[in-house]
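Each chain is listed here by its residues.
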Amino acid sequence: MKRIAIINGPNLNLLGTREPDKYGTETLDTIRDRILGLASELGVQCAFFQSNVEGELVTAIQQAGALDGIILNAGAYTHTSVAIRDAVAAIATPVVEVHLSNVMAREEFRHISMISAVCKGVISGFGAESYLLALRALCENV
Ligand code: DQA
């Protein structure tokens, strides 16, 4: 059975109440339940991790390097973190970068991703559905 890690970065623990016009009203727990529903359909195992701390995300990525795939929403660290990029580059496990919002349709500083170039692919702009699309992509293409 494939094992996939879903790693979420800063402020994503506040989903549900955080800027609902941009991120929707679903909480991270609800999104987790939806991912688990699809995972059982696809026959994959999922492990979830969220942190607001950059170094903890680096450690989680390193550890998930032992699994079959990673779905990563690095939040604002997407746009700033060389350490997270290096962690993704250091592992052989494919990583899908996801965003709830369409970052390319937002402020210019969000158009830059430190991690896209070292990821297998990017899914951005489909709300919680971005995670489900990433799970399907990993299951079908990896
Ligand atoms: C985000 C987009 C980022 O620019 C932002 O800093 C986030 C959330 C998204 O899921 O749309 O925290 O990654």
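Relevant structure appears above.
A brief structural summary. (Residues numbered from 1 in each chain as written. Predicted model: local features only at pLDDT ≥ 70, side-chain atom pairs only at ≥ 80, totals over all residues. Heavy atoms only, no water.)

With respect to the nonpolar core
Nonpolar side chains in soluble globular proteins tend to end up buried together.
Link 1 in the chain: Counting 24 residues, the largest nonpolar core has Ile35, Cys46, Ile71, Tyr131 and Leu135 as the members making the most contacts within it.
Link 2 in the chain: Those elements that place two or more of their residues in this core are strand E1 (2–8), helix H2 (28–42), strand E2 (44–50), strand E4 (95–99) and helix H5 (129–141).
Link 3 in the chain: In terms of residue count, the dominant contributor to this core is H5 (six residues).
Link 4 in the chain: Setting aside residues up to four positions removed in sequence, Cys46 forms contacts with Ile4, Ile6, Ile35, Leu36, Ala39 and Leu135. (Core = buried A, V, L, I, M, F, W, Y, C linked by side-chain atoms within 4.5 Å. Buried < 20%, exposed > 50% of the residue type's maximum accessible area, 1.4 Å probe, protein only. Helix = DSSP H or I, 4+ residues; strand = E, 2+ residues; numbered from the N terminus. Contact = heavy atoms within 4.5 Å.)

A word on the sheet that holds E2
Link 1 in the chain: One open sheet holds the five strands; their spatial order is E2-E1-E3-E4-E5, and the pairing between them is parallel. In the strand order of this sheet, the two ends are held by E2 and strand E5 (121–124), each with one partner. Going across the sheet, the axis of each strand differs from the next one's by a mean of 20°, ignoring polarity.
Link 2 in the chain: Here three bridges tie strand E3 (residues 69–73) to E4, and the two strands are oriented parallel to one another. (Pairing = 2+ DSSP bridges. Axes fitted to C-alpha atoms, helices over the stretch in contact; angles between N-to-C directions.)

A look at helix H3 (residues 54–64)
Each full turn of the α-helix corresponds to 3.6 residues, which orients residues three or four apart in the same direction.
Link 1 in the chain: For H3, the complete set of buried residues consists of Leu57, Val58, Ala60, Ile61 and Ala64. The buried residues of H3 all sit within an arc of 165° when viewed along its axis, so they share a single face. Residues of H3 that are exposed and point over 90 degrees away from its buried face: Gln62 and Gln63.
Link 2 in the chain: Where H3 is buried, its residues meet E1, E2, E3 and helix H4 (82–90). (Arc of directions from axis to C-beta.)

Brief notes about the packing of H2 against H5
For any two helices packed against each other, the geometry is given by the interaxial angle and the distance between the axes.
Link 1 in the chain: Direction vectors running N to C along H2 and H5 enclose 25°, while the axes themselves pass 10 Å from each other. If you check the angle between H2 and H5, you find them roughly parallel. For the element pair H2 and H5, the recorded crossing hand is right-handed. Contacts between H2 and H5 involve Ile31, Arg34, Ile35, Leu38, Ala39, Glu41 and Leu42 from the former and Glu129, Tyr131, Leu132, Leu135, Arg136 and Cys139 from the latter.
Link 2 in the chain: Its residues placed into classes, the contact of H2 with H5 shows nine nonpolar, no polar and four charged. (Parallel < 35°, antiparallel > 145°, perpendicular 65-115°, else oblique. Left-handed = near helix turned anticlockwise from the far one by under 90°. Nonpolar A, V, L, I, M, F, W, Y, C, P; charged D, E, K, R; others polar.)

Quick word on the pattern of salt bridges
Link 1 in the chain: Per the stated rule, a full pass over the model turns up six salt bridges.
Link 2 in the chain: Between Glu107 and Arg106 there is a salt bridge; the shortest N-O distance is 3.8 Å.
Link 3 in the chain: Given the relative accessible area of 33%, Glu107 is considered partly exposed.
Link 4 in the chain: Put simply, Arg110 and Glu107 hold a salt bridge, and the shortest N to O gap is 2.7 Å.
Link 5 in the chain: By relative accessible area, Arg110 is classed as buried at 15%.
Link 6 in the chain: Put simply, Glu19, Asp21 and Lys22 are held in one network by salt bridges that share partners. (Salt bridge = Lys/Arg side-chain N within 4 Å of Asp/Glu carboxyl O.)

A few points about the site of the ligand
Link 1 in the chain: Surveying the vicinity of the ligand reveals the residues Arg18, Tyr23, Asn73, Gly75, Ala76, His79, His99, Leu100, Ser101, Val103 and Arg110.
Link 2 in the chain: Here His79 contributes a side-chain N or O atom positioned 2.7 Å from an oxygen atom of the ligand.
Link 3 in the chain: Within the side chain of Ser101, one N or O atom sits 2.6 Å away from an oxygen atom of the ligand.
Link 4 in the chain: Considering the ligand on its own, with 320 Å² of exposed area, one finds that the protein chains cover 99% of that surface.
Link 5 in the chain: Along the lines of polarity and charge, the residues of the shell around the ligand split into four nonpolar, five polar and two charged. (Near = heavy atom within 4 Å. Polar contact = N/O pair within 3.5 Å; in protein donor to acceptor, adjacent residues only side chain to side chain. Areas by Shrake-Rupley, 256 points an atom, 1.4 Å probe, with all protein chains shown as cover.)

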